[in-house]
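# Observations on chain architecture
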Amino acid sequence: KQEVTQIPAALSVPEGENLVLNCSFTDSAIYNLQWFRQDPGKGLTSLLLIQSSQREQTSGRLNASLDKSSGRSTLYIAASQPGDSATYLCAVNTGNQFYFGTGTSLTVIP
Amino acid sequence: DAGVTQSPTHLIKTRGQQVTLRCSPKSGHDTVSWYQQALGQGPQFIFQYYEEEERQRGNFPDRFSGHQFPNYSSELNVNALLLGDSALYLCASSLLPGTGTGLIYEQYFGPGTRLTVT
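The notes below deal with the structure included here. (Residues numbered from 1 in each chain as written. Chains lettered and ligands numbered in written order. Predicted model: local features only at pLDDT ≥ 70, side-chain atom pairs only at ≥ 80, totals over all residues. Heavy atoms only, no water.)

### Considerations on the environment of Ser24 of chain B
All names here are of chain B. The line we're drawing: The numbering of helices and of strands both runs from the N terminus, where a helix is a DSSP run of H or I of at least 4 residues and a strand a run of E of at least 2. Each residue is placed in one exposure class: buried if its accessible area under a 1.4 Å probe, protein chains only, is under 20% of its type's maximum, exposed if it is over 50%, and partly exposed if it falls in between.
For Ser24, the position within the fold is in strand S3 (residues 19-24). Taking the relative accessible area as the measure of exposure, Ser24 reaches 34% and is therefore partly exposed. Residues Ser24 and Phe47 lie 23 residues apart in sequence; the distance between their C-alpha atoms is 16 Å.

### What to know about the sheet that holds strand S6 (residues 56-59) of chain A
All names here are of chain A. Applied cut-off: Here, a strand pair is defined by DSSP locating no fewer than two bridges between the strands. Lines fitted to C-alpha atoms define the axes, with helix axes restricted to the stretch in contact, and inter-axis angles between N-to-C directions lie between 0 and 180 degrees.
Here we have five strands laid out as an open sheet, ordered S1-S3-S8-S7-S6, and antiparallel in their pairing. Each edge of the open sheet carries a strand with a single partner, namely strand S1 (4-7) and S6. The average undirected angle you get between the axes of adjacent strands in this sheet is 15°. Here strand S3 (residues 19-25) runs beside strand S8 (residues 72-77); their pairing, made up of six bridges, is antiparallel.

### A few points about the pairing of S6 of chain A
Residue and element names in this part refer to chain A. Where S6 meets strand S7 (residues 62-67), four bridges bridge the pair, whose relative direction is antiparallel. For Gln57, the partnering residue across the bridge sits in S7 and is Ala64. Hairpin connection from S6 to S7: two residues lie between these consecutive antiparallel strands, with Gly60 at a positive phi of about 60°.

### Overview of the interface of chain A and chain B
Which entries qualify depends on this criterion: In this analysis, two residues are considered to be in contact whenever any of their non-hydrogen atoms come within 4.5 Å of each other. A quick way to say it: buried area is the sum, across both parts, of accessible area lost when two parts are put together, with a 1.4 Å probe. Any Lys or Arg side-chain nitrogen located within 4 Å of an Asp or Glu carboxyl oxygen qualifies as a salt bridge. Under the rule applied, a polar contact is a pair of N or O atoms within 3.5 Å (in protein, one hydrogen donor and one hydrogen acceptor; residues adjacent in sequence only if both atoms are side-chain atoms).
On the chain B side, the residues contacting the 21 residues of chain A number 25 residues. Counting the surface lost from both chain A and chain B, the interface buries some 1700 Å², and carbon and sulfur atoms represent 51% of this. Sorting the residues of chain A by area buried against chain B places Leu44, Phe98 and Phe100 of chain A first, and these three jointly supply 30% of that buried surface. One can count zero salt bridges joining chain A with chain B. Joining chain A to chain B, the criterion identifies four residue pairs in polar contact (both at pLDDT 80 or more). Listed by contribution, the elements that provide at least two residues to the side of chain A that touches chain B are strand S4 (32-38), strand S5 (44-51), strand S9 (86-93) and strand S10 (98-100) of chain A.

### What to know about unusual backbone geometry
With omega at 0°, the peptide bond leading from Ile7 of chain A into Pro8 of chain A counts as cis. Following the sequence through the fold, Pro8 of chain A ends up in the loop between S1 and strand S2 (10-14). Here the bond from Ser7 of chain B into Pro8 of chain B is cis, since omega is -5°, no more than 30 degrees from zero. Positive phi, normally seen in glycine, also occurs at Ala79 of chain A, with a value near 45°. On the basis of relative accessible area, Ala79 of chain A is assigned to the partly exposed category, the value being 36%.

### Some points on the state of the cysteines
Note: disulfide means a covalent bond formed between the sulfur atoms of two cysteine side chains. Threshold: Throughout, disulfides are identified as pairs of cysteine sulfur atoms within 2.5 Å of each other.
On inspection of all chains with the given rule, the structure shows two disulfides over all chains. The disulfide that involves Cys23 of chain A links it to Cys90 of chain A, with 2.0 Å between the sulfurs. Disulfide Cys23 of chain A-Cys90 of chain A: torsion about the S-S bond near 75°, hence right-handed. Residue Cys23 of chain A is located in strand S3, and its partner Cys90 of chain A is located in strand S9; the two are separated by 67 residues in the primary sequence. The same class applies to Cys23 of chain A as to Cys90 of chain A, namely buried. Linked covalently through their sulfurs, Cys23 of chain B and Cys91 of chain B form a disulfide whose S-S length is 1.8 Å.

### Describing the pattern of salt bridges
One pass over the structure, following the stated rule, counts five salt bridges over all chains. With a closest N to O distance of 3.1 Å, Asp39 of chain A and Arg37 of chain A form a salt bridge. Asp39 of chain A gets classed as partly exposed once you look at its relative accessible area, which sits at 29%. Judged by its relative accessible area of 18%, Arg37 of chain A is buried. Note that Asp85 of chain B and Arg63 of chain B form a salt bridge whose closest N and O atoms lie 2.9 Å from each other. Taken together, the positions of Asp85 of chain B in the loop between strand S8 (74-78) and strand S9 (87-94) and Arg63 of chain B in the loop between strand S6 (53-57) and strand S7 (64-68) put the pair 22 residues apart, joining distant regions of the chain. For Asp85 of chain B, a relative accessible area of 4% translates into the label buried.

Just distances and angles here, no functional claims.
Here it is, written out as structure tokens:
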């Protein structure tokens, strides 16, 4: 069974810092990996999707990388802002099911 | 272009009751997946519907059932509610690879339905 782990569980940084969120998965046979943002009590907003054949994707201040062979993905956030405060979730798609990590709760302090 | 919509937003039920949650997919999408998210946890996959059939199912009991209609909208039904069923229920829509432009297989989520069982 695929297991997805996110480290750290919580992170607090001052505004302007660059930061890295980590996601690891146990089975490298994935179709794609998707990073989401979730605000308290709300649904999920897709940030980036990386296909299994890709190494990275970029959108604005966000960059996500994928190393399928080692079962790892990172989400890099540049020049963090208070509005980035949220929980960040990664999900791997095996083609049959989607498996989520438990998320990293990010607080950006003004 | 309307995104994924879910109804109701909030729901309070009593143990033993039954509940039906509804989801309308993003325009052009043909696949609907349902997730349960307990407080402080990541979403857990319940099942996925495609062409009105249950395509895949996660590790949830038969009390959880669903349906997909010809217009691709979907319902999630939970019978004999337990306190542990209290959670945020999320619906996601997508296009399966090979269908239309579904090469990417990206999921789009609705705002969720908050179910509280007392």
